[in-house]
Amino acid sequence: MEPPVISVINGPNLNLLGQREPEIYGSDTLADVESRCAAAAGALGFAVACFQSNHEGAIIDEIHRLRATAAGFVVNLGAYTHTSVAIRDALATVAGPIVEVHISNVHARESFRHHSYVSDLASGVIVGCGVQGYDFAVARIAELARA
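The written sequence of each chain sets the order in which its residues are numbered from 1. Given that the model is predicted, a residue must reach a pLDDT of at least 70 before its local features are reported, and side-chain atom pairs must reach 80 or more before they are shown or counted; all residues, however, enter totals for whole chains, interfaces and linings. Water and hydrogen atoms play no part in the side-chain values, which are based on all heavy atoms of the structure.

**Thoughts on helix α5 (residues 132–146)**
Runs of E in the DSSP output that reach at least two residues are strands. Runs of H or I that reach at least four are helices, and both are numbered from the N terminus. Working rule for helices: expected span equals 1.5 Å times residues minus one. Helix length check: α5 (15 residues) gives 22 Å between terminal C-alpha atoms against 21 Å at 1.5 Å per residue, within 8%. Note on classification: 1.4 Å probe, protein chains only; a residue is buried when its accessible area is under 20% of the maximum for its type, exposed when over 50%, partly exposed between these limits. Every buried residue belonging to α5 is among Gly133, Tyr134, Ala137, Val138, Ile141 and Ala142, and all of these are buried. Residue contacts follow a heavy-atom distance rule, with two residues in contact if any of their heavy atoms lie within 4.5 Å. In this structure, the buried residues of α5 make contact with β1 (5–10), α2 (30–43), β3 (72–76), β4 (98–102) and β5 (124–127).

Below, the structure is given as structure tokens:
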């Protein structure tokens, strides 16, 4: 039997992790983050489906693809967190829990980053823990999925 799948969705510019503003986002790459997620999920008896896009519609399509089957969603929507009602509406259709992740502390940054269109849908929000926040998010989704 296949293990349940946790969807890990990363939005715009997260493909540049390790290169873009390392003083804010650190030196880990997106591949490092995806490996961390797979290891954390595997240790808990889950698998991950990692996806990244700089395109809003592609993110929505991925949410639609897994909305009824994923055990839960870990989302770091990058700038779309603060701008996309369309992604929020797609996430409102998912069956499992959602955990929102931000590598940096968005509340200590520009004021436009303080609002999230996703937080009210999320079972948890992890902010400012670096890429370790993904580990916490995967563990939380696993716990909620088992409940």
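**Comments concerning the nonpolar core**
Definition used in this section: a nonpolar core is a set of buried Ala, Val, Leu, Ile, Met, Phe, Trp, Tyr and Cys residues joined via side-chain atoms within 4.5 Å. In this structure, Ile6, Leu17, Val74, Ile103, Tyr134 and Val138 are the most contacted members of the largest nonpolar core, which totals 23 residues. Listed by contribution, the elements that provide at least two residues to this core are β1, α2, β4 and α5. Ignoring sequence-local partners within four residues, the contact set of Ile103 consists of Leu14, Leu17, Tyr25, Asn76, Gly128, Cys129, Gly130, Val131 and Tyr134. Grouped together as the second largest cluster of nonpolar side chains are 18 residues, Ala49, Ile59, Val75 and Ile98 included.

**Overview of the environment of Ile60**
With respect to the helices and strands, Ile60 occurs in helix α3 (residues 56–66). When the C-alpha atoms of Ile60 and Gly78 are compared, they prove to be 14 Å apart, with 18 residues separating the residues in sequence.

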